[in-house]
Amino acid sequence: MTGSEQWQATWHGLQDILGPKWTLHILRLLSEEPQGFNAIQRELDGLTAPILSQRLKELRCHGLVERMVAETTPPTTTYSLTEQGTEITIQLRELEPLVELHDYEDGPEADCCLPTSLECRDEALTSGCVTTIDQC
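Residues numbered from 1 in each chain as written. Predicted model: local features only at pLDDT ≥ 70, side-chain atom pairs only at ≥ 80, totals over all residues. Heavy atoms only, no water.

Peer 1: Would you mind going over the side chain of threonine 82 with me for this structure?
Peer 2: Following the sequence through the fold, threonine 82 ends up in the loop between β3 (76-81) and α5 (83-93). The buried category is assigned to threonine 82, whose relative accessible area is 16%. Within the local environment of threonine 82, its side chain forms a polar contact with the backbone oxygen of glycine 63, the two atoms lying 2.5 Å apart. In this view, threonine 82 contacts Gly63, Leu64, Val65 and Glu66; residues no more than four positions away in its chain are not counted. (Helix = DSSP H or I, 4+ residues; strand = E, 2+ residues; numbered from the N terminus. Buried < 20%, exposed > 50% of the residue type's maximum accessible area, 1.4 Å probe, protein only. Polar contact = N/O pair within 3.5 Å; in protein donor to acceptor, adjacent residues only side chain to side chain. Contact = heavy atoms within 4.5 Å.)

Now the structure itself:
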């Protein structure tokens, strides 16, 4: 495998693991503390139970999340990051300062929303734009 083929395969793998919708959100939330299923769903507005269940299964399969069931009545299930999940999440959280969110309904920030940034995905804000830091 050539150098180019190697890094491309690696980045495809990263996309396969981290690319599905809500995956990054779940990892970020679990980086703060272990959570139960319902607590995760309540915290992540718009995340449905079937999708959360699927994402948690995928993250467990990839070795990033572990599931613990306490023998209580009813049983209590808690999800937390594995050592590998913690390491990946530390790296991802280091990227947070590189992104700025701008709400263009409030006036002056509207100037920061370049026409091209408004055309990009808008999942981060219902009205506004996302730019990389210092791109206004």
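Peer 1: Looking at this structure, how should I read the sheet that holds β3?
Peer 2: An order of β1-β3-β2 is seen for the 3 strands of this open sheet, with the pairing classed as antiparallel. Either end of the sheet is taken by a strand with one partner, and the two such strands are β1 (35-36) and β2 (65-70). Here 2 bridges tie β1 to β3, and the two strands are oriented antiparallel to one another. Bridge assignment links glycine 36 to a residue of β3, and that residue is threonine 78. The strands touched by helix α2 (residues 23-32) are β1, β2 and β3; relative to β3, the strand with the most contacts, the crossing angle is about 100°. Set on the sheet, helix α4 (residues 49-61) makes contact with β2 and β3; between it and β2 the angle comes to about 110°. (Pairing = 2+ DSSP bridges. Axes fitted to C-alpha atoms, helices over the stretch in contact; angles between N-to-C directions.)

Peer 1: Is there a simple way to explain the environment of leucine 56 in this structure?
Peer 2: Relative to the helices and strands, leucine 56 is located in helix α4. Leucine 56 sits 34 residues away from tryptophan 22 along the chain, and the two C-alpha atoms are 10.0 Å apart. Apart from residues lying up to four places away in sequence, leucine 56 is in contact with Ile26, Phe37, Ile40, Val65 and Tyr79.

Peer 1: What should I look at first to understand the pattern of salt bridges in this one?
Peer 2: Side chains bearing opposite charge may pair, as long as their charged atoms lie close to each other. Taken as a whole and judged by the stated rule, the model has 3 salt bridges. Note that arginine 28 and glutamate 96 form a salt bridge whose closest N and O atoms lie 2.6 Å from each other. With a gap of 68 residues between them, arginine 28 in helix α2 and glutamate 96 in the loop between α5 and β4 (99-102) connect regions that are remote in the sequence. Among the residues examined, glutamate 96 registers a relative accessible area of 39% and is labelled partly exposed. Between glutamate 58 and arginine 55 there is a salt bridge, with its nearest N and O atoms 3.3 Å apart. Of the two residues, glutamate 58 and arginine 55 both sit in helix α4, 3 residues apart, roughly one turn of that helix. The class for glutamate 58 is partly exposed, based on a relative accessible area of 23%. (Salt bridge = Lys/Arg side-chain N within 4 Å of Asp/Glu carboxyl O.)

Peer 1: Could you clarify how one ought to interpret the environment of leucine 44 in this entry?
Peer 2: Mapping leucine 44 onto the fold places it in the loop between α3 (37-43) and α4. Remark: the alpha-carbon pair of leucine 44 and tryptophan 22, spanning 22 residues in sequence, is separated by 8.5 Å. Beyond its immediate sequence surroundings of up to four residues, leucine 44 is in contact with Trp22, His25, Ile26 and Leu29.

Peer 1: Help me understand the pairing of β2 in this model?
Peer 2: Across a regular strand the side chains alternate sides, sitting on one face of the sheet and then on the other. Here 6 bridges tie β2 to β3, and the two strands are oriented antiparallel to one another. Within β3, the residue paired with valine 69 across the bridge is threonine 77. Counted between consecutive antiparallel strands, the loop separating β2 from β3 contains 5 residues.

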